Amino acid sequence: MRRPAFWLACAFAGGILACAPCRVKPAIPAALLALAAAGAGVHLRGERTASAATLSAAFFAGVCVCALHERCLDRSDLGTLFGDRAVCLSVRGTVRQAPAWERQPDERGEPRWKGVGALRISAAETARGWIPLSGDVCAVLVADAPLALTCGDEVEIYGVLRRIREATNPGQFDGRAFWRRRGIEYSLAVNGSRGVRGLRSGTQRRIAGRIEALRLELRRRLEAGMPGGPPAQVILAMILGIREQIGDEIARPFQLTNTMHILAISGLHVGFFFLMVRAALSLLRVPRRLAAIIAIPLIGLYAVVTGAAVPVLRASLMFIALLAAPFAGRQRDALNALGLAALAILAASPLQLFDTGFQLSFIAVLSILVLSGPLAALFHRVWPCRPLPGQLLIRRGERVGWWWGSQAIGLVSASIATWIGMAPFIASSFHIVTALGLIGNMVVIPAGFAIVCLGFSGILVSCVSMQLAGLINRLNCCVAGAMLAAIDLLSRIPYSWHYVSAPGPLTLCLYYGIVAAGILVLRGTARGRWKALLLSAMALMPLLPGAFIRDPPVLRITFLDVGQGDSACVEFPGGEILLVDAGPHAGVAAGRRIVTPFLKSLGCSRVETALLTHAHDDHYGGFDAVLGEFPVDRAVIGTGITAPVLPRGPPALGRGSRGKIFKVSGGDLLAEGDGVRITVLNPGGGTCSRTQTGQNNGSVALMMTFGRTRVLLCGDMEREAEETLCRRGVSLKADVLKVGHHGGASSCTKEFLRRVSPRWAIVSAGAQNRFGHPSPETLARLREEGAAVLRTDLHGAVTFTSDGVGWKVTTFR
C-alpha cells in the first residue's frame with residue numbers, strides 16, 4: 001500500500017464518524033472486529049485483500065476508540081453526582097490550563113477581567129467534609145484584575161458548578177460540544193478574587209509549571225523595549241500564542257480577509273520556526289543528520305511552549321516525521337507525515353475530528369499538497385522560470401529573476417490551493433466567503449516570517465544586550481504595524497466579502513466534484529473527449545442546484561433565545577430582514593454571541609430594518625454589536641421613546657443606521673410588499689412615562705399578515721396597553737402570539753387572550769431568571785385559551801415558517 005499512514009488515518013477517521021452519532025457505543029465488538037481484521041491482514045497473501053483488511057482494522061479501531069472515549073465522559077464522577085443541577089460548592093484541584101484573561105467591562109462600564117482556564121478537581125467539600133472527587137472542569141473567573149495562576153498551581157475555589165450549556169440558537173457557538181471534545185463537561189463560575197485561594201505553587205514542582213515559567217520569561221524578553229499597542233499584541237500572539245489583548249478591533253480585518261490563521265499559532269508558524277532553525281544550523285555548517293537531531297526536540301519544545309493547539313501539534317508531528325524518516329530508512333512523504341499526525345491526534349482525542357481547528361488545519365495542508373503542484377505547473381507555462389530549450393548562456397540576473405519568480409509562483413499557488421480547499425469549510429464554520437485571502441496571504445506570509453525571525457532574534461540577543469534587543473523589538477513592531485495597516489486597507493475594499501449560509505451536502509459534493517475535474521484537466525490526465533466532457537461538467541455543475549431546487553416564497557420568523565430579553569428576526573419572502581430588538585448587553589452579550597452569529601448563518605450582509613420596541617437594555621443592549629457588524633438601512637422606534645435609559649440607548653440606532661431613524665405609533669403601516677403587511681398597533685401616541693411599567697406599555701406592538709396567517713408581536717406590553725387595544729376595537733386575531741413582558745403576571749389578560757385566540761404562544765425568557773418569568777398564572781391563562789406554549793428557555797430558538805396558508809413550527813432544542 002502506497003502512503004499507508006495517510007489511508008490508515010482516513011479509515012480511522014471514518015470509524016470515528018460512524019460511531020459518534022450512534023447511541024449505542026459498541027466498544028468491545030469493534031475491538032474484536034479490529035483484531036480479527038488485523039490478523040487477516042497479516043495472513044492474507046494478496047496485496048489488495050491484505051490492504052483492505054488492514055484498512056478495515058483501522059476503521060473498527062476508530063469505532064472502538066471513539067466509543068471508549070465517550071463512555072469515559074458519560075461516566076465521570078461529576079456527571080454521576082450532579083447531573084444537570086447547578087450547585088454552589090468548594091473544590092480543590094490543580095490548574096491544568098492557566099486562565100486566558102480578557103477585559104470585559106460590566107453593566108456600568110466598570111473595568112472587569114474574565115479568565116477562562118481548566119482545572120483538574122481532586123476533592124470537593126460536602127456536609128460530611130472533604131471527599132475525593134475526580135474530573136476536569138472549565139474554570140470561568142471574573143475579577144477586578146487578572147489573577148496570578150499558572151499551570152500546576154494547587155488551588156481551592158468556591159463557585160457555581162454547572163453543566164456547560166449547549167447552543168440554543170442557529171449559528172451560535174456550541175460551548176458544550178467544544179469543551180466535550182477536550183474531555184470537559186462542567187464549568188465552575190467564580191465571581192471575584194475572594195473565591196480563589198492558592199494552596200501551593202506548582203511552578204517549581206511540575207513540568208507544566210516550568211514550561212509556563214519559560215513562556216513568561218520569553219514574553220519578558222520579547223517585550224523588552226517594545227512600545228505597547230496593537231503591533232506588540234500581534235507579535236505576542238504570533239510568536240508565543242498569547243492572545244489576551246487581541247480584541248475585535250484587531251481581529252475583524254483579519255477575519256474579513258481570511259487571514260486569521262496568522263494571529264493564532266498554527267502550522268504556518270511552526271514552519272517559520274523550522275525554516276529559521278534550519279537556516280541557523282546551515283550557517284553553522286552542522287551536518288544534515290545532526291541538524292535533524294537538534295531540530296526535532298526544538299520543534300517539540302516550541303509546540304509545548306505555545307500551547308500545543310491542534311494545528312501546532314499537526315505541524316510539529318509532520319515536521320518530526322519528515323525529519324525522522326531517513327533514520328527509519330523511509331523516504332520522506334508529506335502525505336504520509338500528515339496521516340501520521342492525524343492518527344496520533346485522533347488516537348489521543350477522537351472527538352477532535354469534529355473540531356473546526358482540526359478540520360481547517362488538515363484541509364489546508366491537504367489542499368496545498370494536492371492542488372499547489374498542478375497550479376504551479378500552470379503558472380510556469382505562463383512564466384517559465386527556467387532556461388529555454390537549447391539556451392546555453394545564462395546570465396546572473398536571469399538566475400536571480402527565475403529564483404524570485406519560482407518563489408512568487410510557489411506562494412501564489414499555495415495561497416490559491418488553500419483558498420480553494422478551505423472555502424466550503426470557512427463558509428460552513430464562519431459563514432463568510434472572501435477572495436481577499438488570495439491577496440492577504442501575499443502580505444501576511446512574508447510579514448509573518450519576518451516577525452517570527454525578528455522576534456526570536458530579539459530573544460536571543462537579549463541574553464547579551466537588552467538595549468540591542470530593544471532595537472530589534474522596535475523594528476519588529478514597525479513590521480507588525482505595516483502588516484496591520486495593509487490588512488486593514490484590504491478589508492475596506494468594497495464588495496470583497498459576503499456572508500453566506502452554510503453549504504449543504506449537495507453543494508459540497510458539486511464543489512469538490514468541480515475541483516477534482518479541474519485537477520484532472522490541469523495534470524493532463526484527461527485528454528480528448530474526456531477533457532471536453534470534464535470542462536462541460538465544470539461549467540454546468542454550478543447551475544444544477546438552481547435548476548432542481550426552487551423554494552416557494554415563505555415568511556419566516558425566528559424568536560431567538562437571548563436569555564432574559566427579546567429578539568426576533570423576520571425574513572420576508574424577498575429576502576429582506578426585519579430585526580425586532582436585539583437582546584441584552586449584560587450577561588449573555590446577546591448581540592455579539594447570539595444575534596450577530598444568527599444573522600451571519602442566514603447569509604445576511606445587511607439588515608434592512610432594525611426595530612426597537614422600547615428603551616430597556618434587555619431589548620436594545622445587543623444592537624451595539626449588530627450595528628458594528630452589519631449596515632442597517634433604517635431604524636424604527638416608538639413615539640414614546642424620548643431618551644435612552646442607558647448611554648447605549650436608541651440614539652446609537654440612529655447613528656448606526658446613518659441617521660435614518662423613524663418613529664411610529666398605532667395605526668401606522670410599517671411595511672407592505674411580497675404579500676406581507678405589517679401594521680403598528682401600539683403605542684397610541686404621545687410620550688410614555690419614564691417608569692418601568694410606563695416604558696413597557698409604550699412598547700411597539702406589530703400585527704403581521706401573510707396570506708391567511710397572522711402574527712402578533714407585543715414587545716413588553718402589560719395589562720394597561722392590552723386593555724387600551726381591546727377598547728379601541730382593532731382586530732387582534734392571530735395564529736401566533738409573542739407574549740408580552742416575558743410572560744409576566746401583568747400580561748395576557750383574559751379579555752386580551754380571548755380576542756387574540758392564538759394557536760401558539762411564544763415566551764422569551766431566560767433560564768431560571770430572577771423574575772420568575774413566565775408567571776404560572778399567565779401560563780394557566782394561555783392553557784385555558786388552548787394555546788400551545790413554546791418557551792425559549794426550554795426550547796431554544798423557535799422558528800415559524802408560513803406559506804400564507806399554514807405554519808410550520810421548529811425548535812432548536
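Criteria and thresholds
- Residues numbered from 1 in each chain as written.
- Predicted model: local features only at pLDDT ≥ 70, side-chain atom pairs only at ≥ 80, totals over all residues.
- Heavy atoms only, no water.
- Helix = DSSP H or I, 4+ residues; strand = E, 2+ residues; numbered from the N terminus.
- Expected span 1.5 Å × (residues − 1).
- Bend = angle between axes of the 7 residues up to and from the residue.
- Core = buried A, V, L, I, M, F, W, Y, C linked by side-chain atoms within 4.5 Å.
- Buried < 20%, exposed > 50% of the residue type's maximum accessible area, 1.4 Å probe, protein only.
- Contact = heavy atoms within 4.5 Å.
- Axes fitted to C-alpha atoms, helices over the stretch in contact; angles between N-to-C directions.
- Parallel < 35°, antiparallel > 145°, perpendicular 65-115°, else oblique.
- Left-handed = near helix turned anticlockwise from the far one by under 90°.
- Pairing = 2+ DSSP bridges.
- 1 Å grid on protein atoms, 1.4 Å probe; cavity = no way out; pocket = protein on both sides within 12 Å on 5 of 7 lines; lining within 4 Å.
- Points joined across faces, edges and corners; volume = space filled by probe spheres on them.
- Right-handed = clockwise from strand over helix to strand, strands pointing away.
- Polar contact = N/O pair within 3.5 Å; in protein donor to acceptor, adjacent residues only side chain to side chain.
- Nonpolar A, V, L, I, M, F, W, Y, C, P; charged D, E, K, R; others polar.
- Phe/Tyr/Trp six-rings, centres within 6.5 Å; stacked < 30°, edge-to-face > 60°.
- Lys NZ or Arg CZ within 6 Å of the ring centre and 35° of its normal.
- Salt bridge = Lys/Arg side-chain N within 4 Å of Asp/Glu carboxyl O.

**Q** Outline helix H13 (residues 356–382), listing residues and values.
**A** Across its 27 residues, H13 extends 37 Å between first and last C-alpha, which sits within 8% of the 39 Å expected from 1.5 Å per residue. At Leu371, H13 shows its strongest bend, of approximately 40°, with the proline Pro374 following within four residues.

**Q** For the nonpolar core, give the residues involved together with the corresponding values.
**A** Of all hydrophobic cores here, the largest spans 49 residues; its most connected members are Leu222, Val234, Ile235, Phe254, Phe456 and Met483. Of all the elements in the fold, those that place two or more residues in this core are helix H6 (207–222), helix H7 (230–240), helix H8 (248–256), helix H9 (267–283), helix H10 (288–305), helix H11 (310–324), helix H15 (436–461) and helix H16 (466–491). Among the elements that make up this core, the one with the highest residue count is H7 (eight residues). Residue contacts for Val234: discarding those within four places in its chain leaves Ile246, Ile250, Leu263, Met483 and Leu484. Core analysis: the second largest hydrophobic core is formed by 31 residues, Ile432, Ala610, Leu612 and Ala615 among them.

**Q** I'd like a rundown of the packing of helix H17 (residues 505–523) against helix H18 (residues 529–540), residues and numbers included.
**A** Remark: H17 packs on H18, axes separated minimally by 9 Å, with the N-to-C direction vectors making an angle of 150°. As far as their axial angle goes, H18 and H17 are roughly antiparallel. In this structure, H17 crosses over H18, and the sense of that crossing is left-handed. Of the residues in H18, those touching H17 at Ile514, Ala517, Gly518, Leu520 and Val521 are Lys531, Leu534, Leu535 and Met538.

**Q** Describe H11, with residues and values.
**A** Under the 1.5 Å per step criterion, the end-to-end length of H11 is 21 Å for 15 residues, consistent within 8% with the ideal 21 Å. Considered for burial, the residues of H11 that qualify are Val310, Pro311, Val312, Arg314, Ala315, Ser316, Met318 and Leu323. In the core, the buried residues of H11 are packed alongside H9, H10, helix H12 (334–348) and H13.

**Q** Before we move on, can you summarise the sheet that holds strand E20 (residues 760–763) with the specific residues and values?
**A** Taken in spatial order, the seven strands of this open sheet run E15-E16-E17-E18-E19-E20-E21, and their pairing is mixed. Each end of this open sheet is capped by a strand with a single partner; those strands are strand E15 (669–673) and strand E21 (788–791). Neighbouring strand axes in the sheet, compared pairwise and without regard to direction, differ in orientation by 15° on average. Where E15 meets strand E16 (residues 676–682), four bridges bridge the pair, whose relative direction is antiparallel. Bridged to Gly673 within E16 is Val676.

**Q** How would you summarise the layout of surface pockets if you had to cite specific residues and measurements?
**A** Computed from the structure, the second largest pocket encloses a volume of approximately 780 Å³. In terms of lining, the second largest pocket is formed by 27 residues, of which the most central are Cys10, Phe362, Ile363, Leu366 and Phe425. Counting residues per element, the ones that place at least two in the lining of the second largest pocket are helix H1 (4–19), H12, H13, helix H14 (396–430) and H17. Per element, the largest residue contribution to the lining of the second largest pocket is eight residues, and it comes from H13.

**Q** A description of the pairing of strand E18 (residues 709–713) should follow, citing residues and the corresponding values.
**A** Most of E18 sits inside the fold, with four of its five residues counted as buried. By the bridge criterion, five bridges tie strand E17 (residues 701–706) to E18 in an arrangement that is antiparallel. Paired with Met703 across the bridge in E18 is Leu712. With antiparallel pairing between neighbouring strands as the criterion, E17 and E18 make up a hairpin whose turn holds two residues, including Gly707 at a positive phi of roughly 65°. Pairing analysis gives three bridges linking E18 to strand E19 (residues 736–738), with the strands arranged parallel. Opposite Leu712, over in E19, you have Leu737 as the bridge partner. A crossover links E18 with its parallel partner E19, the connecting element being helix H25 (residues 719–728), and its sense is right-handed.

**Q** An account of the side chain of Asn682 is needed here, citing residue identities and associated values.
**A** Of note, Asn682 is situated in strand E16. For Asn682, a relative accessible area of 5% translates into the label buried. Separated by 2.9 Å, the side chain of Asn682 and the backbone oxygen of Asn697 make a polar contact.

**Q** Before we move on, can you summarise empty space enclosed by the protein with the specific residues and values?
**A** Counted according to the given criterion, the structure contains six cavities of 30 Å³ or more. A volume near 120 Å³ is recorded for the largest cavity. Looking at the largest cavity, it is lined by 15 residues, and the ones nearest its centre are Asp566, Ala568, Val580, Asp581 and Lys738. Looking at the lining of the largest cavity residue by residue, the classes come out as eight nonpolar, four polar and three charged. In this structure, the second largest cavity encloses a volume near 60 Å³. Lining the second largest cavity are Val95, Gln97, Pro99, Gly117, Ala118, Leu119, Ala139, Leu141, Leu149, Val155 and Ile157. Counting residues per element, the ones that place at least two in the lining of the second largest cavity are strand E1 (87–103), strand E2 (113–126), strand E3 (129–143) and strand E4 (154–163). For the lining of the second largest cavity, the class distribution of residues is nine nonpolar, two polar and no charged.

**Q** Residues and numbers for the packing of aromatic side chains, please.
**A** The full count for this structure, using the stated rule, is 16 aromatic pairs. Summarising the aromatic geometry, the rings of Trp760 and Phe800 are spaced 5.9 Å apart at their centres and angled 70° between planes, so their arrangement reads as edge-to-face. Of this pair, Trp760 sits in strand E20 while Phe800 sits in strand E22 (residues 798–802), placing them 40 residues apart in sequence. In this structure Trp760 comes out as buried when scored by relative accessible area, which is 13%. Grouping aromatic residues by their ring pairs yields a cluster made of Phe559, Trp760, Phe800 and Trp807. The side chain of Arg92 reaches across the aromatic face of Trp130, ending 3.9 Å from its centre. Sitting over the ring of Phe178, Arg182 keeps its end group 3.8 Å from the ring centre.

**Q** Would you mind going over the pattern of salt bridges in detail, with residue names and values included?
**A** For the structure on display, the rule yields 25 salt bridges. For Glu672, the salt bridge goes to Arg677, with nearest N and O atoms at 3.0 Å. We classify Arg677 as partly exposed; its relative accessible area is 39%. For Arg791, the salt bridge identified is with Asp793, shortest N-O distance 2.7 Å. Of the two residues, Arg791 and Asp793, neither departs from the other in class, the shared state being buried. Each member of the salt-bridge network shares a partner with another, and the members are Glu70, Asp84, Arg163, Arg180 and Glu185.

So far we have only geometry, and geometry alone does not tell us how the molecule works.
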